[in-house]
Amino acid sequence: MLAVVLAAATGSAGVAHTDPVAPAAVVALTLPVPTGPYSVGVTEMHLVDSGRADPWHPDQRRELMVQVWYPAIVDRGASAAPWMPPGGRQAQNTYLDELGAPAGSWALAPGHSHQDAPALPGHGRFPVVLNSPGMTDTTGWSTAQAEDLASHGYAVVAINHTHEAFSVHFPDGRETVTEVPLDSPQEVLRDLLLPTRVADTRFVLDRLAEFAGGQDPQQVLPPALAAHLDLSRVGMFGHSLGGSTTAQAIHDDPRIRAGVNLDGPILGSVAADGLDRPLLMLASGSYPWSGDPGWQPGWPNNTGLKIPLRVEGTEHMSFCDQQAILPQLAAAGLIPADTATRTVGSIDPDRSIDLQRDYLRAYFDAVFGRIGTDIVETLTSLAQPEMLPHP
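Residues numbered from 1 in each chain as written. Predicted model: local features only at pLDDT ≥ 70, side-chain atom pairs only at ≥ 80, totals over all residues. Heavy atoms only, no water.

### Describing the overall build of the protein chain
Move 1: When helices and strands are counted, the protein chain shows 11 helices and 14 strands.
Move 2: What you see for the protein chain is a C-alpha radius of gyration of 20 Å, in line with the 21 Å of a compact globule of 391 residues.
Move 3: C-alpha extents for the protein chain along the principal axes are approximately 55 × 50 × 50 Å.
Move 4: Every one of the 391 residues in the protein chain was classed for burial, and the buried ones make up 58%.
Move 5: In the protein chain, the proportion of contacts linking residues at least 24 apart, taken out of those at least 6 apart, comes to 77%.
Move 6: Roughly 14,500 Å² of accessible area belongs to the protein chain as shown, and the carbon and sulfur atoms make up 54% of that amount.
Move 7: Within the protein chain, one finds 22 positive and 43 negative side-chain charges whose respective centroids are separated by 6 Å. (Helix = DSSP H or I, 4+ residues; strand = E, 2+ residues; numbered from the N terminus. Rg over C-alpha atoms; globule rule 2.2 N^0.38 Å. Buried < 20%, exposed > 50% of the residue type's maximum accessible area, 1.4 Å probe, protein only. Contact = heavy atoms within 4.5 Å. Areas by Shrake-Rupley, 256 points an atom, 1.4 Å probe, with all protein chains shown as cover. Lys, Arg positive; Asp, Glu negative; His and termini not counted. Charge placed at Lys NZ, Arg CZ, Asp CG, Glu CD.)

In structure tokens form, the structure reads like this:
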């Protein structure tokens, strides 16, 4: 089980391949367009937790960089922001090098968000959905999901977990890099990374509550955004170890009303205690978590609604932006097709992204009463052939 957890939770490449031939022109990799009616803004926050020492550097206070996507007013013709922040782009370069994509053969096109655009007025407050990336991953690796939720009226708040994330860039020019080996034993995930991530999540939620209450004297957020955050409606989702973080954060913090675990193990005290609030779980088609307590049909001590589904044709890295990126590289001949299939599955990539977006949005819409049906009724009506119950 340990080998399965580590292989899936880290997202490590380690795939044999033949060297593809570099094309004459650089291939621009693109994100799918958000499906909602609203334009999207994106911003970054630098937060310092003065009451907590950094676990990797106890002589320093814990510092975080956080990305926020939200409904916005966008001037006609305004340029879109980069798809990923600098640390995310560095992680992407390294990841694709490992998969064999020739250096300089590809580039990330801009995303569909606009940097620091004013928040959209006149449409009520935005439910807040927190996001925790996979192990050593950075914010920006789930932009397709974040932009789509924001285009439907949500504020999506993604957390870089400093010293674990591949690379984090701070406003003063400092860069921190990961200090966590990908072959770390499971105990490190459970006893160091998970509690650190949960503490990060709770601190970010504390600061968002302060900002929404008018305590943002330094204008950390773009105009009007703080006042539009609805901290009575908070959800969370995450991929891989971010899914583990989601389950434990719900367990530890009653402000988080529901969550979505995207192909992550159940670790920490929540594995024994269960939850008293809803958790949607989307596993990859290969389903590496069959022995996990939280993924079993009966979760001991769990009283909340648990919905475990398996997405046929997907692999572990299908549940982040690699689902969009790797098939484009394979189609351009930059990586072998079987490398893409082994990493993000055989499912049509557009179909996979559409399913993830639809289920995330419908689930949170039901949780927060934005539609007239409850969670079970909503997901039942949304049923698709690729979405299979477990077992």
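Following the structure, the description resumes.
### Re unusual backbone geometry
Across the chain, the bulk of peptide bonds are trans and the bulk of non-glycine residues have phi less than zero.
Move 1: Positive phi, close to 65°, is recorded for Thr136, a residue that is not glycine.
Move 2: Here Thr136 shows up in the loop between strand E6 (126-132) and helix H3 (143-151).
Move 3: Given a relative accessible area of 11%, Thr136 falls into the buried group.
Move 4: Not every positive phi belongs to a glycine, and Asp263 is a case in point at roughly 60°.
Move 5: Among the secondary structure elements, Asp263 is positioned in the loop between strand E11 (256-262) and helix H7 (270-273).

### Some thoughts on helix H10 (residues 349-367)
Move 1: Taking 1.5 Å of rise per residue, the 19 residues of H10 would be expected to cover 27 Å, and the 27 Å separating its terminal C-alpha atoms lies within 8% of that figure.
Move 2: The buried count for H10 comes to 14 of 19 residues, which makes it a mostly enclosed element.
Move 3: With a side-chain oxygen positioned 3.2 Å from the backbone nitrogen of Asp350, the residue opening H10 is Asp348.
Move 4: Among the residues trailing H10, Gly369 stands out with phi positive, at a value near 70°. (Expected span 1.5 Å × (residues − 1). Polar contact = N/O pair within 3.5 Å; in protein donor to acceptor, adjacent residues only side chain to side chain.)

### What to know about the packing of helix H8 (residues 322-331) against helix H9 (residues 337-344)
Move 1: It is the contact of H8 with H9, at a shortest axis distance of 8 Å, that shows an interaxial angle of 165°. Comparing their axes, H9 and H8 come out roughly antiparallel. Where H8 crosses over H9, the handedness of that crossing is left-handed. Residue-level contacts link Gln322, Gln323, Leu326, Pro327 and Ala330 of H8 to Ala337, Ala340, Thr343 and Val344 of H9. (Axes fitted to C-alpha atoms, helices over the stretch in contact; angles between N-to-C directions. Parallel < 35°, antiparallel > 145°, perpendicular 65-115°, else oblique. Left-handed = near helix turned anticlockwise from the far one by under 90°.)

### Topic: the confidence of the model for the protein chain
Move 1: For the protein chain, mean pLDDT is 92; residues scoring 70 or higher make up 93% of the total.
Move 2: In the predicted structure, residues 1-22 sits below a pLDDT of 50 and forms 53 contacts with residues beyond four places in sequence or in another chain. (pLDDT = per-residue confidence, 0-100.)

### A word on the packing of aromatic side chains
Move 1: If you walk through the whole model with that rule in mind, you get 5 aromatic pairs.
Move 2: Look at Tyr363 and Phe364: their rings are 5.3 Å apart centre to centre, the planes differ by 70°, and that puts the pair in the edge-to-face class.
Move 3: Relative accessible area serves as the criterion here: at 1%, Tyr363 is assigned to the buried category.
Move 4: We classify Phe364 as buried; its relative accessible area is 0%.
Move 5: Following the ring pairs from residue to residue traces out a cluster consisting of Tyr154, Tyr363, Phe364 and Phe368.
Move 6: Between the NZ or CZ atom of Arg174 and the centre of the ring of Phe170, over which it lies, the distance is 4.7 Å.
Move 7: One Lys or Arg, Arg370, reaches over the ring of Tyr154 and ends 4.4 Å from the middle of that ring. (Phe/Tyr/Trp six-rings, centres within 6.5 Å; stacked < 30°, edge-to-face > 60°. Lys NZ or Arg CZ within 6 Å of the ring centre and 35° of its normal.)

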